[in-house]
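Residues per chain, in single letters:
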Amino acid sequence: MSRSRTPPRVTHALAARHEALWLRLTALHAQIAAVAARRPQAPVSAQTISVAEALLRNAQVFLGRGEVLLMAAPDHGGLLTQLGQTLAGLDAWEAANAEWRGALNAFVWKVEGDAPLPVQRLRPKLSAAPAPHADPDYAAYKARMLDLRDKLAKRMEQFRNR
């Protein structure tokens, strides 16, 4: 019996996985759509079915359908429908887990506790961030890093000379 799961919390890895999966599904959808427009009843090759099933299985994390493993439809029309529904589910998950940030002038993933991560597939044109040397804390950070490098070099030299 399948049980409905809640979608996972958004992380950098999950956002990257979503974007890669979206690109692969879109490419396969376009290929299937070209054939389905002319011959929707034409059978799909075994290789294409295995690729489609793998992509549909990977998309289940974002769709929240539980433990049900989807089987790809054997004809182009049916597979086109399945891929379209899956893409719609991925878009819905993205809409629920991304938000517009005016300061960055881009949509970003709602990643908890981390720096904002732009939705890369939307090709964001981010606002330019201020140069790091303009930050007053940057000079202190740079001085601390130089001090740590000097201490590390000294410690390595002590280790070699023992």
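Computed from a prediction, not measured in an experiment: that's the story for all the values here.

(A) Up close: the side chain of His76. By the secondary structure assignment, His76 is in helix 3 (residues 76–97). Residue classification places His76 among the buried positions, given a relative accessible area of 9%. With residues up to four places along the chain from it excluded, the contact list for His76 reads Ile32, Val35, Ala36, Arg39, Pro40, Ala42, Pro43 and Val44.

(B) Structural detail: the pairing of strand 1 (residues 98–101). Sheet topology note: the strand 1/strand 2 (residues 106–109) ladder contains 4 bridges and is antiparallel. Counterpart to Glu99 in the pairing with strand 2 is Val108. Between strand 1 and strand 2, which pair antiparallel and follow one another directly, the connecting turn spans 4 residues, one of which, Asn105, has a positive phi of 60°.

(C) Geometry of the packing of helix 2 (residues 46–63) against helix 3. Where helix 2 meets helix 3, the axes come as close as 10 Å, and the angle between the chain directions of the two elements is 25°. It follows that helix 2 is roughly parallel to helix 3 by the angle criterion. Every pair of crossing elements has a handedness; the one defined by helix 2 and helix 3 is left-handed. Residues Thr48, Ala52, Leu56, Ala59, Phe62 and Leu63 of helix 2 form the contact with helix 3, whose own contacting residues are Leu79, Gln82, Leu83, Thr86, Gly89, Leu90 and Trp93. Partitioning the contact of helix 2 with helix 3 into residue classes produces 9 nonpolar, 4 polar and no charged.

Scoring rules and cut-offs
Residues numbered from 1 in each chain as written. Predicted model: local features only at pLDDT ≥ 70, side-chain atom pairs only at ≥ 80, totals over all residues. Heavy atoms only, no water. Helix = DSSP H or I, 4+ residues; strand = E, 2+ residues; numbered from the N terminus. Buried < 20%, exposed > 50% of the residue type's maximum accessible area, 1.4 Å probe, protein only. Contact = heavy atoms within 4.5 Å. Pairing = 2+ DSSP bridges. Axes fitted to C-alpha atoms, helices over the stretch in contact; angles between N-to-C directions. Parallel < 35°, antiparallel > 145°, perpendicular 65-115°, else oblique. Left-handed = near helix turned anticlockwise from the far one by under 90°. Nonpolar A, V, L, I, M, F, W, Y, C, P; charged D, E, K, R; others polar.

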